[in-house]
Structures are given as C-alpha cells and as structure tokens.
Amino acid sequence: MPRITLPDGTVKSYDAPVTAAQVAADIGAGLAKAALGAKVDGTLTDLSTTLDRDCTLAIVTMKRREGGIDPEALTLLRHSAAHIMAEAIQRLFPQVRLVYGPPLETGFYYDMAFPDGKVPSTDDFARIEAEMAKIVAEDRRFTRYDLPLAEGMAKLRTEGSKYKLDNAERAAEAGSTTLSWYATGHPGKDWEDLCRGPHVPNTGRVGAFKVMSLASSYWKGDETSDRLTRVYGTAFATKPELEAHMVQLEEARKRDHRVLGKQLRLFHIDEMVGQGLILWTPKGSIIRNELQNFIGTELRKQGYQQVYTPHIGKLDLYRTSGHFPYYRESQYPPIVEHDEMARLASEGCTCADLSNRMAQGEVDGYMLRPMNCPHHIRIFASAPHSYRDLPVRLAEFGTVYRWEQSGEIGGMTRVRGFTQDDAHLFVREDQVAQEVLGCLSLVKIIFATLGMNEYRVRVGLRDPDSAKYVGDPANWDKAEKACRDAARSLGVPFIEEPGEAAFYGPKIDFVVKDVIGRSWQLGTVQVDYNLPIRFDLSYAGADNQPHRPVMIHRAPFGSMERFIGCLIEHFAGAFPLWLSPEQVRVLPISEKSAAYADELCAALKARGIRAETDHSNERVQAKIKIAAEEKIPYMAVVGPRDAESRAVSVRARGVEANLGEMPFDAFVDGILREAEGRMLSGAPGSVQASFTARSA
Ligand SMILES: [Zn+2]
Ligand SMILES: [Zn+2]
C-alpha cells in the first residue's frame, strides 16, 4: 500500500489508498487549511486525487516552501476562476458556446462563441463580476468525474457543442481513453465543463478576481474559421494582491515602449516593410549607437576583437552547424539562386519537392541567418591557432532573422529581425572559468551604469539522470562550477536549474527586474562543447598536438531591440543625458536673445552635445512644456539679462522649478562631463546635482 515521500524526505505509509487532502490533514491542520492542490510525482493535480501507489507528494499552497507566491498555486486559482467566469457569463448570455479557457502568467482567458451575435461589452463586466461573486460566496466544490471515451463523446454529441467535441477528439488523438469533467458543485446538478483540471478545492478559495478585457480571436487561430470572443480576467488569492497588480498594470501602460516609442519617435514598424521588422528612426538610432559604443568600448577593454559578417550564408553552413533543416519552423524559408531556380522549374520540381530536396542537401541555397555563430566559427577556422593565441574573442552586433508567428509579434520584444550584442569566445578548457567570469563582469558594469540594480541570474545545469549531453563529463563538472562561481561573484540572487542546460553546455541567463517590478528575460552566456566538434575546430597545444577549443556564446543583453524596448520602459522614456536623442534645448525668451541662444547652442554642438534651439514664436512657458513632453534632460532658458551676464537659466527634466543660473562655460563643461561620464539623471556630479549641492 502507498508509501508517500514528502518534500523534506519523510515517508508516510498507508494501509489503503488515501487522498492528497487526507495526507495534508495528517501533516497538520494548518497545511490542510492552506492546501490548494498537490504535486504527485512532480505533476500538478487536485487535492482530491487518490494516491494508491508509492509516490512523492508536495502539497501546493499560495506560499512556496522557499517563500514568495507559488506560480503553480496561481495556475490552479486562475483556471478555477476561468470556470467561474464562464458560468457567470453563461447565466447572463445563455446562448454562449464555450471553447477553451486556459490560465495565463498574469491571469486567464476564455474563448467563447456567441452565435446570436449578442456579445458582451465592457459595460457588462460589472454584471459578470457580480455573478462571479455569487458563485464564489456559495463556496461550491470543484468535483471531477471521468467517463470512458465513447460514453463521453456520446454525451458531448447530445449536448451539441462542436467546440467541446473538437477538444475531446484532440484528447482522444493524443491517446486519452477517458474524458474528464469538472462540475462546480454536484455533477448533473450544477454547472460543469469538459476539463482536464486541476482546480482548487472550492470556489471560495478564489479570493480576488477581475474581468479585464475583450479581444476577438478565431477558432483554432484560423482566420477563415468561426469568430470567437476572448474574455480576459485575472485572479489572486487576496484583494491587496489584485490591487497591487492593477497599480502595476497602470504604471506599465504609461511606460509601454510601444506607446512611448511612437510618441517620442524612437522606432517605427511599417506594414509595407513587414511585421516584426524594426525601423530605427534618427532618434532611436542615437540611443542604439550610444549603447553600442558603450558596450563596444567595454568589450575592447576586455580584449574582444570586432568583426563584421554578412546577414546570409549557405545552407551547407547551417547544415554543419545543425540549424538547418532543424528549427525550420522558426526561420525564413531559404533563398535559391536564379539559375538553380530555372533548372528546377524546367524539371517540373514542385514546392514540396524543393523543400524536401533542400532538407536533404540535394539543392543548395542561402539562408537569412538565424545565428551569428557559424560565421564567427569560419573566421576562427580561417587561420591556424596555437594555445598561446587563445582565447580568441570575436564580437559583432550581428543581425539575425527568425520567424515568429504573426500573432506573437508587437513592439520591440518579439521581432523577426534583430541585432544581438553577440560574441564568440574560442578558449582552452582551462580558460573557461576565467572567461565566463569576464562575461559577467561586463554585464555588471553595464547594468550598474544603467541603474538596473535588480537583476538575477539563472544557471542552467545538466539533468543528472540524462545521457543526452555532448562532451566529457569531467569538463562539464568544471564548466558548471565555473558558471556557478561566476554567478555567485555577481553578488545578486541566482538560482540553479538542473535540467535547463542545453545538450551542448551549461549556461547563465539574465533576468532584469524593471522599476515597476516586472521581469525581463534578456540574454545569455552559454558554454558550448558541440559546435567545435561539428566544425572540427582545433588549436595546436603546447605538446604540438591538435586540441579542441571550447566555445562560449555570449549575448548578455539579448538583442538591441529587446534591450532598448526594456530600457524605454525602465526609464519611462526619460533617458539619462548620454542616451538622450536631444540632450539640451536652448529656449530664448524672445527675439532679442536669439543670437545669444545660437551662440550657446553652437558651443554645445562644438563639444559634441546634441543641442537644439527653439526659435518658434511661442511664449517661453509653452516652449518649456513642449521640451518637457519630449523628455529632454536639460533646458537652457536665455533672456537679455543672461546674454549680458553670460549666464544660463537651467531647468532639468522632471523638476518643476528653475534650478538657477550658471555661467555659460560652466554649463557647457558640466553638460559635457555628465554625458561623457554616462551619469544617471540627477546623480552626484551631474549638472542637476550641482544645484542641489549649492543650495544645501
Ligand atoms: Zn477547465
Ligand atoms: Zn552563438
């Protein structure tokens, strides 16, 4: 009879099958009360699940053992809230046909069809929420029952919902021999839904919820199929958590890089050019250039060499690297030469033939590169190397192209062409630790300069039970230790994730938390034992024998697109002086001070500062308002008196009052020092801080 192993290693033995809920109660009344679900042998399931054989069991509550909210508890809660919302909508819109309602990272949705065309609007949200509140107050039990496949299908046919029938057919195709339903209460009496679960035990456990928004979608994502309405909602265990989430959403809306990017004219996405292809406007290009210069300077200090390589390469190159024909789904289709195309056409080759023959290597062509590594590898391989030459560190802001489904792209975070802050290091086995550490120290410098102090790293390690990994296990041990030590040296939180390494090597991922608490997954540092083998790379060792180098791929910020999208939101568009597209705007009070304004602007420009003068006929208050909207860091207001005393009245972005006066030369020098020092806005040593220092 079942022996149940708990997370702390203790074992509970039972004489008869027992439910997870019962085990929770045996452990303690507190746990039984807090329990929302269970993990049996690692799989999330209902608390009512019967355990009839030996297994591991963890009781899921809102709090994780190591602290913080358990995302799996939220999954249970939100999927349960989706059922509650569907029942509420069905009460108010009896014609509704339910399609599919999964939990999401931030909430849940339910796709619904309204065949009579009476679709809920945002005006109905309050009514829907009121019905949901009733269901929650009734504290009904989520009750699962299973039917054999044939019987279950017959039931669905009688009920006549083609969407649920389709869901069931797909479950059957995937090998299910039974179908399961969840009744919110008593089967046969209360509302129910075809569902795999799992759920929280009772509706009363859904502590706080909200209907969020509507979107239109299509059945199976197919635009020629039935039009559906997607109703989004969210749920939390408590009201304060929901309120905090709403505040965060509001703040996120104000900072949304898609909105700010348009408003501040930083980038443009053009239907005529193509979805997911970013056009960097002059202003956005300045930010990107400044950032690339900064990263490039730091790379040079660390001994990297800059290279340039083309955006396409032959299929054979990617066949050798293993990127083609695998991952074909995430790439643009290959490019075939004119002559080859004509020859194939004359043979009557169909598109399907062509695709197969390319995959098999019978037809050659080119590909928009999905990765920069193969090009860098060929540069390394183009000359002999001795052990003394290593490490070779090749860096490129390399543009790559990947195919994202059209529904997934928007803004700068999911794009079809992007430029990685890429580099490849070819190192000796004994240099791996040092080089991984070097990669991380660079990240530390750049995050510190940008004021991104909250970030964490994930170290992806081998799955101890798998044999899929290439390379010598002893070297893996060393590389994993190197990654772990390097992560520790950053002095930021890091977690180890066994099983998250690629088959070719361990890795370090960076996740940065922005000012409003959202996480952005950026780039990675990856040790690779595989590509050096595939490309048969070698260097001459001290013994004069050929040795295999190890590769390190590193693109710690991911891509310039994603990183700058993240930075726009991090700074809410108010970039520090050195990154700002326009750094100083000179505002003459009237025509009389125009010449002095021009002189100041010219002096700034001569020192490389991006300055402009507003010569419009607007009153100075209006000029200040415009410059503030454009988030320009400094305004230099000049009137006839300033011209006489060769001074400048300084205003800083985000500060209501005039900061005060500064001599002409001191202002120009101060601006230059702040920009060259890559200071954060208002940091000690900045022009703005010099005024506070003075008044203090
Ligand atoms: Zn469900
Ligand atoms: Zn690479």
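Values in this document were obtained by computation on a predicted structure and should not be read as measured data. (Residues numbered from 1 in each chain as written. Chains lettered and ligands numbered in written order. Predicted model: local features only at pLDDT ≥ 70, side-chain atom pairs only at ≥ 80, totals over all residues. Heavy atoms only, no water.)

S.K.: I'm lost on the overall build of the protein in this one. Help?
M.R.: Scanning the protein for helices and strands turns up 22 helices and 33 strands. If you line up the protein on its principal axes, its C-alpha atoms span 90 × 70 × 65 Å. When burial is assessed residue by residue, the protein has 50% of its 696 residues classed as buried. In the protein, once contacts between residues fewer than 6 apart in sequence are set aside, the share between residues at least 24 apart is 69%. (Helix = DSSP H or I, 4+ residues; strand = E, 2+ residues; numbered from the N terminus. Buried < 20%, exposed > 50% of the residue type's maximum accessible area, 1.4 Å probe, protein only. Contact = heavy atoms within 4.5 Å.)

S.K.: Teacher, can you tell me more about the sheet that holds strand β12 (residues 192-194) here?
M.R.: Strand-to-strand pairing in sheets goes through backbone hydrogen bonds, with the strands running parallel or antiparallel. Across the sheet, which stays open at both edges, the 3 strands sit in the order β10-β11-β12 with antiparallel pairing between neighbours. Here the strands that pair on one side only, and so sit at the sheet edges, are β10 (142-148) and β12. Here the strands of the sheet are splayed against their neighbours by 25° on average, with no regard to which way each runs. Where strand β11 (residues 178-184) meets β12, 3 bridges bridge the pair, whose relative direction is antiparallel. Looking at the pairing, Ala183 lines up with Glu192 of β12. (Pairing = 2+ DSSP bridges. Axes fitted to C-alpha atoms, helices over the stretch in contact; angles between N-to-C directions.)

S.K.: How should I be thinking about the coordination of the zinc ion (ligand 1) in this particular structure?
M.R.: In a perfect tetrahedron of four donors around a metal, the angles come out at 109.5 degrees. In a perfect octahedron of six, they are 90 or 180 degrees. Only His79 (NE2), His83 (NE2) and Cys195 (SG) from the protein reach the zinc ion (ligand 1) as donors, at distances of 2.0 to 2.3 Å. Mapping the donors of the zinc ion (ligand 1) onto the primary sequence gives the spacing H-x3-H-x111-C. Here His79 pairs with His83, and both are found in helix α3 (residues 71-92), just 4 residues apart, close to one helical turn. The pair formed by His79 and His83 is uniform in burial state, with each residue classed as buried. (Donors = N, O, S within 2.8 Å, 3.2 Å for Na, K, Ca; no water.)

S.K.: I keep staring at the nonpolar core and nothing clicks. Help me out?
M.R.: It is characteristic of soluble globular proteins that their nonpolar side chains tend to be buried jointly. Membership of the largest hydrophobic core comes to 66 residues, with the highest contact counts inside it found for Leu291, Phe447, Leu450 and Phe563. A per-element tally of this core places helix α14 (residues 432-449) first, with 8 residues. When near neighbours in sequence (up to four residues on either side) are disregarded, Phe563 contacts Leu291, Phe447, Leu450, Met452, Leu522 and Phe557. Val96, Leu98, Phe142 and Val206 belong to the second-largest nonpolar core, a separate cluster that totals 40 residues. (Core = buried A, V, L, I, M, F, W, Y, C linked by side-chain atoms within 4.5 Å.)

S.K.: Is there a simple way to explain the pattern of salt bridges in this structure?
M.R.: Two side chains of opposite charge can pair, provided their charged atoms sit close to one another. Counted according to the given criterion, the structure contains 47 salt bridges. Its salt-bridge partner being Arg610, residue Glu290 comes within 2.8 Å of it at the nearest N-O pair. In this pair, Glu290 is assigned in helix α9 (residues 282-301) and Arg610 in the loop between α18 (594-606) and β30 (611-613), connecting sequence segments 320 residues apart. Each member of the pair, Glu290 together with Arg610, is buried. (Salt bridge = Lys/Arg side-chain N within 4 Å of Asp/Glu carboxyl O.)

S.K.: What is the right way to look at the environment of Tyr634 in this model?
M.R.: Secondary-structure assignment places Tyr634 in strand β31 (residues 634-638). Classification of Tyr634 by relative accessible area gives buried; the value is 2%. In the structure, Tyr634 is positioned 37 residues away from Ile671 in sequence and 8.8 Å away in space, judged by C-alpha atoms. Excluding residues that lie within four positions of it along the chain, Tyr634 makes contacts with Leu577, Gln583, Val584, Arg585, Val650, Arg651, Ala652, Ile671, Glu674, Ser686, Val687 and Gln688.

S.K.: Hey, could you run me through the coordination of the zinc ion (ligand 2) in this one?
M.R.: At this site the zinc ion (ligand 2) is bound by Cys373 (SG), His424 (NE2) and His553 (ND1), with donor distances of 2.0 to 2.4 Å. Mapping the donors of the zinc ion (ligand 2) onto the primary sequence yields the spacing C-x50-H-x128-H. On the criterion of sequence distance, the pair formed by His424 in strand β21 (residues 417-427) and His553 in strand β28 (residues 550-555) is long-range, its members being 129 residues apart. Residue His553 is classed as buried on the basis of its relative accessible area of 13%.

S.K.: Help me understand the sheet that holds strand β17 (residues 305-306) in this model?
M.R.: Strand order in the open sheet formed by 8 strands is β17-β20-β21-β28-β25-β24-β22-β23, and the pairing between neighbours is mixed. Bordering the open sheet on either side are β17 and β23 (494-498), each of which pairs with just one other strand. Where strand β24 (residues 507-513) and strand β25 (residues 519-528) come together, 6 bridges link them in antiparallel fashion. Across the sheet, residue Asp509 finds its bridge partner in β25, namely Thr524.

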